[in-house]
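Here is how the chains run, residue by residue.
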Amino acid sequence: MHPFTLSRADDPAKAIAAHALDPQLAFIAGGTDLLGLMKDRAAQPERLLDINGLPDLARIEALSDGGVRIGAVARMSDVAANAEVRRRFPVIAESLLLAASGQLRNMASMGGNIMQRTRCAYFRDEDDVPCNKRRPGSGCAARHGLNRNHAIFGWSDACVATNPSDVAVALAAMDAIVIVRGRTGERSIPFTDFHRLPGSTPERDNALGRGDLITAVEVPASVEARASHYLKVRDRESYEFALVSAAAAVAADGRRIRSARLAMGGVAHKPWRLTAAETALRGASLDDIDALKSAIAASFTDARPLAHNSFKVELAQRVALRALQMAGARA
Amino acid sequence: MSDPMKRSFADSASTSSGAAVAEACELISVNLIVNDQPQTIMVEPRMTLLDALREALALTGTKKSCDRGECGACTVHADGRRILSCMTLAAMQEGKHVTTIEGLERNGKLHPLQAAFIEHDGFQCGFCTSGQIMSGVAVIEEAKAGWPSAATPDLRNPFTLADLSRAEIGERMSGNLCRCACYPNIVDAVAEAAGRN
């Protein structure tokens, strides 16, 4: 790794001010993504500010209204093992346990998880192949290169990368809120607005700017949350990023769907919410496979596969259907 | 010598980039308790815990393989939890209790999981073994603490050590790669040490 300095933050306001003033400063919590990026020279901050010691940032709190508040530096393993998270939001615990490894889950923070950068092999390439995310204006090697793992929704000619986070998919389905403290105070970002589509500025992954510190992720209670499930399909049985994944949650009267939530991973630059499918699923029977399939298909009319990933269009619909059925079994 | 860990972030933020590189290569002092022994080592901020253990403390039982958080060979425990020593900075472990493979033995007696690895032939070339054993020891503790895994049929239910099936062990050990493919024997060894045989 390149040389850098390391300091420890003990006051959030000062940490935010330092980050706002210094474009070469990066916050570090678990470090499992940032140090990988630094080893691959995809990030070269001159100063690291360790935020693990900031007060209250590691807390996981079961809220009295049925929601949970997850501190930004809470570790993935602590969130996944938390009894209230497991009971209230099984989709969140499952998505965490299907990600990374036991060692990495003990290290990686929740804030860092949702900020992790794409696993696009061109972006991570140490040899600086064209990548607009890594070097704006240099082009996109994946657009006409090997793009089996890339997006089928929402991509641009500038970038076809996908977001690799699993728990982000579950949080998008649950309409979580990212609590951010910045120079002008605290603000709440709806989870589905947190990550960006690439457009012409793929170097920006999310809505955060200089001086922004994630303090927590809040997950509101919902009628669907307890009957929720996360399904991940990948090339290996374990310890691998998703080809395609789905977070599903269902509220039902008997076997009839009252409301459903569906979000997918591995298909876009951000967690991809299937809003058209959610609308079409209302009133459908969980036992009517054809009705479920056609409702899900409503969210795939705008799918635009690349040269090597057209299989994802069919796979994603099957994964959404299976996740919905498994969530439905809990309703 | 100035200590960047004690320097405030405001000083750090106002440092010019030219000066920062010079200071970044300065050695800083880190206190760790490694295998129950207090240690003070001098490291560069960019030094990983893995390199610090191997190079500053000559604890070469912890292996450097992928150095990218992909293989598990560098697994150690920090404050009782298994972590990848290649993906954390030594200077971020200030004050922590670190246990390496050298610290498992007690009074000349192998840890039960070390003995089980020998009994079940849990290795061939041995390069991944220290990481496998450090991971396996933690897997048993995590199961005792009631942590579920992706192999747990329904994680809404409480998890106990009695639920630690072979499938559970396989899933929980999936962050440790073995190129000799001793996986079935590794699972046998962890199952025995967990009292699950």
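So, how was this worked out
- Residues numbered from 1 in each chain as written.
- Chains lettered and ligands numbered in written order.
- Predicted model: local features only at pLDDT ≥ 70, side-chain atom pairs only at ≥ 80, totals over all residues.
- Helix = DSSP H or I, 4+ residues; strand = E, 2+ residues; numbered from the N terminus.
- Buried ≥ 20, exposed ≤ 12 C-beta atoms within 10 Å, placed from the backbone.
- Contact = placed C-beta atoms within 7 Å.
- Domains from an automatic or database assignment.
- Nonpolar A, V, L, I, M, F, W, Y, C, P; charged D, E, K, R; others polar.
- Pairing = 2+ DSSP bridges.
- Axes fitted to C-alpha atoms, helices over the stretch in contact; angles between N-to-C directions.
- Core = buried A, V, L, I, M, F, W, Y, C linked by C-beta atoms within 7 Å.
- Parallel < 35°, antiparallel > 145°, perpendicular 65-115°, else oblique.
- Left-handed = near helix turned anticlockwise from the far one by under 90°.
- Arc of directions from axis to C-beta.

Participant: I'd like a description of the overall build of chain B, backed by residues and values.
Facilitator: A count of helices and strands for chain B gives seven helices and five strands. When the elements of chain B are put in sequence order from the N terminus, they spell out α-α-β-β-α-β-β-β-α-α-α-α. Counting across all 197 residues of chain B, residues that qualify as buried make up 49%. Long-range contacts, defined as pairs at least 24 residues apart, comprise 57% of the intrachain contacts of chain B with a sequence gap of at least 6.

Participant: Tell me about the interface of chain A and chain B, residues and numbers included.
Facilitator: At the junction of the two partners, chain A supplies 40 residues and chain B supplies 42 residues. Per-element tally for the side of chain A that touches chain B: the top contributor is helix α6 (residues 102-107) of chain A, with five residues.

Participant: Can you explain the domain arrangement of chain B? Please cite residues and give values.
Facilitator: A common way to state how big an interface is: give the accessible area lost once the parts meet. Residue and element names in this part refer to chain B. According to the domain assignment, chain B contains domain 1 (27-103) and domain 2 (112-193). A straight line from the C-alpha centre of domain 1 to that of domain 2 covers 22 Å. The interface is formed by 14 residues belonging to domain 1 together with 11 residues belonging to domain 2. Broken down by element, the side of domain 1 that touches domain 2 gets its largest block of residues, three residues, from strand β3 (residues 75-78). For the side of domain 1 that touches domain 2, a count of residues per class yields five nonpolar, six polar and three charged.

Participant: How would you summarise the environment of M173(B) if you had to cite specific residues and measurements?
Facilitator: All names here are of chain B. Residue placement: M173 occurs in the loop between α6 (166-172) and α7 (183-193). As a C-alpha pair, M173 and G136 span 37 residues in sequence and 6.9 Å in three-dimensional space. The residues contacting M173, other than those within four sequence positions of it, are S135, G136, V139, I186 and V190.

Participant: Could you give me a rundown of the sheet that holds strand β12 (residues 272-273) of chain A, with the residues and numbers involved?
Facilitator: Residues and elements named next belong to chain A. Spatial strand order, β9-β10-β11-β12: four strands in an open sheet with antiparallel pairing. Either end of the sheet is taken by a strand with one partner, and the two such strands are β9 (228-233) and β12. By the bridge criterion, two bridges tie strand β11 (residues 256-265) to β12 in an arrangement that is antiparallel. Note on β12: the bridge partner recorded for A263 is R273. Sheet strands touched by helix α5 (residues 90-97): β9 and β10 (244-253). Its angle to β9, the strand with the most contacts, is close to 25°. Its contacts with the sheet put helix α13 (residues 311-328) on β9, β10 and β11, and the angle it makes with β10 is roughly 40°.

Participant: I'd love a proper account of the domain arrangement of chain A, names of residues and values included.
Facilitator: Under the domain assignment used here, chain A contains domain 1 (5-53) and domain 2 (228-328). Computed from C-alpha atoms alone, the centre-to-centre distance between domain 1 of chain A and domain 2 of chain A is 36 Å.

Participant: Help me get a handle on the nonpolar core, residues and values and all.
Facilitator: Ranked by size, the top nonpolar core spans 172 residues in total, and within it I92(A), L171(A), A320(A) and V190(B) carry the most contacts. Once residues within four sequence positions are removed from consideration, I92(A) is found in contact with V85(A), V167(A), A170(A), L171(A), M174(A) and V219(A).

Participant: I'd like to hear about the packing of helix α12 (residues 289-297) of chain A against α13(A), residue by residue, with values.
Facilitator: Residues and elements named next belong to chain A. Here α12 crosses α13 at 125°, and the two axes come no closer than 10 Å. With respect to α13, the element α12 is oriented oblique. In this structure, α12 crosses over α13, and the sense of that crossing is right-handed. From α12, L292, K293, I296 and A297 reach across to α13, where they touch Q317, A320, L321 and L324.

Participant: Go over unusual backbone geometry, please, and point to the residues and values.
Facilitator: Backbone geometry places D56(A), a non-glycine residue, at a positive phi of 70°. Along the chain, D56(A) falls in the loop between β3 (47-50) and β4 (60-62).

Participant: Account for the sheet that holds strand β4 (residues 81-84) of chain B, with residues named and values stated.
Facilitator: Backbone hydrogen bonds hold the strands of a sheet together, and the pairing may be parallel or antiparallel. All names here are of chain B. Taken together, the five strands give an open sheet; going across it, the order is β2-β1-β5-β3-β4, and neighbouring strands pair in mixed fashion. Two strands bound the open sheet, and with one partner strand each, they are β2 (37-43) and β4. Adjacent strand axes in the sheet meet at a mean angle of 40°, parallel and antiparallel pairs treated alike. Where strand β1 (residues 28-34) and β2 come together, seven bridges link them in antiparallel fashion. If you follow V34 over to β2, its bridge partner there is Q37. Packed onto the sheet, helix α5 (residues 129-144) meets β3 and β4 and runs at close to 40° relative to β3.

Participant: Account for helix α1 (residues 12-21) of chain A, naming residues and giving values.
Facilitator: For α1(A), the set of buried residues is A15(A), I16(A), A18(A) and H19(A). Down the axis, α1(A) shows its buried residues gathered within 160° of arc, on one side only.

Participant: Can you explain α12(A)? Please cite residues and give values.
Facilitator: Among all positions in α12(A), only L292(A), A295(A) and I296(A) are buried. The buried residues of α12(A) occupy one face: seen down the axis, they fall within an arc of 95°.

Participant: Which residues make up the pairing of strand β5 (residues 68-71) of chain A, and what values go with them?
Facilitator: In terms of strand pairing, β4(A) meets β5(A) through three bridges, oriented antiparallel. Among the inter-strand pairings, E61(A) is bridged to a residue of β5(A), identified as R69(A).

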